[in-house]
Amino acid sequence: MGKKMMGAILPGNSTVELKEFDVPVPGHGEVLIKTKSSTICGSDIRAIYREHTGKGPEGYQGVIAGHEPCGQIVETGPGLRRFKKGDRVVIYHISGCGVCNDCRRGYMISCTSEKYRRAYGWQRDGGMAEYILAEEKDLVLLPDNLTYTDGAQVACGFGTVYEGLEKIGISGNDNVLVTGLGPVGMAALMLSKALGASMTIGIDVIPERLEICKNLGLADHVLTAGPDNVEEVRALTGGMGCEKTVDCSANDQARQVAIRAARKWGKIVFIGEGGKVEFNPSPDIIHDQKTIFGSWVTNIWRMEELVERISRWGIHPEDLVTHRFPLEKASDAYSLMASGKCGKVAVVFDEEIK
Ligand SMILES: [Zn+2]
Ligand SMILES: [Zn+2]
């Protein structure tokens, strides 16, 4: 094609650089996708935008950023088995080798091949450009009643949350507490409601986030993070605590609340990355028969299942997007996301510019 496009890279000093790139040409088993929506993830901010924290092959390789892309196939390479030109697709954000044990389970996130594991927006070009080259095996078909911005949210955030919630199992039996109400915590509240949770409680330090959760009806109760949170949650739950708790904050104090505000026999899942936590195993989990799960991203079959269910439930992940920017304003998009004074932030193209 020989065409040119603009793409955003992240030098690692809280700036965004826009550069010109060649529009890629799809090879065997690959597709060229016209990017429609590309949302910014907390880990983009933590591990790439502010500074490059990953090292070696795990690190950011100076490629086009953005690991939550969604768009439409506009060109196909030879050898495709399922997808075709015109399909609307979500990209599972890590391309794995396909043949290691983790890849065979669908968890390309933890692919063990140093040579072939490449995440979009980290080791291979991602979604902050007009076009993105992807492998067919990394695609999830986007149902017609979901928007591209719904789909972008599933590529990382909603997929990650759904996996964590499936590990602890959410149903109408459960009161659910979510600590940390960034976009991942908001997604945890939204999906908990969709899965039937009888009551949702959210905790955060940033007033703007509490406000968004209240206004969108995601949480039945919001609490400002503080030393009385465990008592406050108990008071809201007849003195019992929540059957299920989800930490999306990665904060020591908040994780302690997630553990201690869980009811006897409760299940806790840690999704927020980084940091540490201090707790006392005997009173905090052993004597109350509690279980703590860790959960990292999701597998591709569950992502496919999630888009089907989101479509059936009639919910829209894009409702969490509070700000949309065109690619030329990517710099404003990242700095707003870094401030935390927002819901989800999206860089959008074509019909997704609203
Ligand atoms: Zn992410
Ligand atoms: Zn692999």
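Residues numbered from 1 in each chain as written. Chains lettered and ligands numbered in written order. Predicted model: local features only at pLDDT ≥ 70, side-chain atom pairs only at ≥ 80, totals over all residues.

Visitor: Would you mind going over the overall build of the chain in detail, with residue names and values included?
Guide: When its secondary structure is counted, the chain shows 10 helices and 17 strands. By the compact-globule yardstick of 20 Å for 354 residues, the chain fits well, its C-alpha radius of gyration being 20 Å. Taking the principal axes of the C-alpha coordinates as reference, the chain spans close to 65 × 40 × 40 Å. Split into buried and exposed, the 354 residues of the chain put 51% on the buried side. Nonlocal contacts in the chain, meaning residues at least 24 apart in sequence, comprise 70% of its contacts between residues at least 6 apart. (Helix = DSSP H or I, 4+ residues; strand = E, 2+ residues; numbered from the N terminus. Rg over C-alpha atoms; globule rule 2.2 N^0.38 Å. Buried ≥ 20, exposed ≤ 12 C-beta atoms within 10 Å, placed from the backbone. Contact = placed C-beta atoms within 7 Å.)

Visitor: Talk me through unusual backbone geometry; I want residue IDs and the actual numbers.
Guide: Phi is positive for serine 14, which is not a glycine, with a value near 60°. Among the secondary structure elements, serine 14 is positioned in the loop between strand S1 (4-9) and strand S2 (17-22). In this model, glutamine 289 sits at a positive phi of 55°, which is unusual for a non-glycine residue. If you trace the backbone, glutamine 289 turns up in the loop between helix H8 (281-286) and strand S15 (291-294).

Visitor: I'd like a description of the nonpolar core, backed by residues and values.
Guide: Counting 106 residues, the largest nonpolar core has Val90, Val161, Ala187, Ala188 and Val307 as the members making the most contacts within it. Tallying contributions element by element places helix H3 (residues 148-168) first for this core, with 10 residues. In terms of domain composition, this core takes at least three residues from each of domain 1 (4-147 + 316-352) and domain 2 (160-294). The contact partners of alanine 188, leaving out residues within four places of it in the chain, are Val161, Leu165, Val178, Val246 and Cys248. (Core = buried A, V, L, I, M, F, W, Y, C linked by C-beta atoms within 7 Å. Domains from an automatic or database assignment.)

Visitor: Which residues make up the domain arrangement of the chain, and what values do they have?
Guide: Each assigned domain of the chain is listed here: domain 1 (4-147 + 316-352) and domain 2 (160-294). Spacing between the C-alpha centres of domain 1 and domain 2 amounts to 29 Å. With 11 residues of domain 1 at the interface, the matching set in domain 2 holds 11 residues. No other element matches the 3 residues that helix H1 (residues 42-49) contributes to the side of domain 1 that touches domain 2. Split into classes, the residues belonging to the side of domain 1 that touches domain 2 amount to 2 nonpolar, 5 polar and 4 charged. (Nonpolar A, V, L, I, M, F, W, Y, C, P; charged D, E, K, R; others polar.)

Visitor: I'd like a rundown of the pairing of strand S12 (residues 221-224), residues and numbers included.
Guide: Relative to S12, strand S11 (residues 199-204) runs parallel, the two being bridged by 4 bridges. Across the sheet, the residue bridging to isoleucine 203 is leucine 223, located in S12. Taking the sense of rotation as the criterion, the β-α-β connection linking S11, helix H5 (residues 207-215) and S12 turns out right-handed. (Pairing = 2+ DSSP bridges. Right-handed = clockwise from strand over helix to strand, strands pointing away.)

Visitor: Break down the environment of proline 69 for me, with residues and values.
Guide: Following the sequence through the fold, proline 69 ends up in strand S4 (residues 69-76). Along the chain, proline 69 and methionine 128 lie 59 residues apart, while their C-alpha atoms are 7.9 Å from each other.

Visitor: Give me the lowdown on the sheet that holds strand S13 (residues 242-247), citing residues and values where you can.
Guide: Strand order in the open sheet made by the 6 strands is S12-S11-S10-S13-S14-S15, with parallel pairing throughout. Every interior strand has two partners, whereas the edge strands, S12 and S15, have only one. Strand-to-strand, the axes of this sheet are offset by a mean angle of 20°, without reference to chain direction. Where strand S10 (residues 175-179) lies against S13, 4 bridges are found, and the strand directions are parallel. Residue threonine 179 lies in a different strand from S13, and its bridge partner there is aspartate 247. Of the strands in this sheet, S10, S11, S13, strand S14 (262-270) and S15 touch helix H7 (residues 252-260), which is tilted by about 140° from S14. (Axes fitted to C-alpha atoms, helices over the stretch in contact; angles between N-to-C directions.)

Visitor: Pulling in residues and values, what's your account of H1?
Guide: With 7 of its 8 residues buried, H1 lies for the most part within the structure. Buried within H1 we find Gly42, Ser43, Asp44, Ile45, Ala47, Ile48 and Tyr49. The inward-facing, buried residues of H1 contact helix H4 (183-194) and helix H10 (330-339).

Visitor: An account of the packing of H3 against helix H9 (residues 300-313) is requested, with residue identities and associated values reported.
Guide: Two quantities define a packed helix pair, namely the angle between the helix axes and the distance between the axes. Across the interface, H3 lies against H9 with an axial gap of 9 Å and an inter-helix angle of 105°. As far as their axial angle goes, H9 and H3 are roughly perpendicular. Touching Asp150, Val154, Phe158, Gly159, Tyr162, Glu163 and Glu166 of H3 are Arg302, Met303, Leu306, Val307 and Ile310, all from H9. Residues belonging to the contact of H3 with H9 are distributed by class as follows: 7 nonpolar, 1 polar and 4 charged. (Parallel < 35°, antiparallel > 145°, perpendicular 65-115°, else oblique.)

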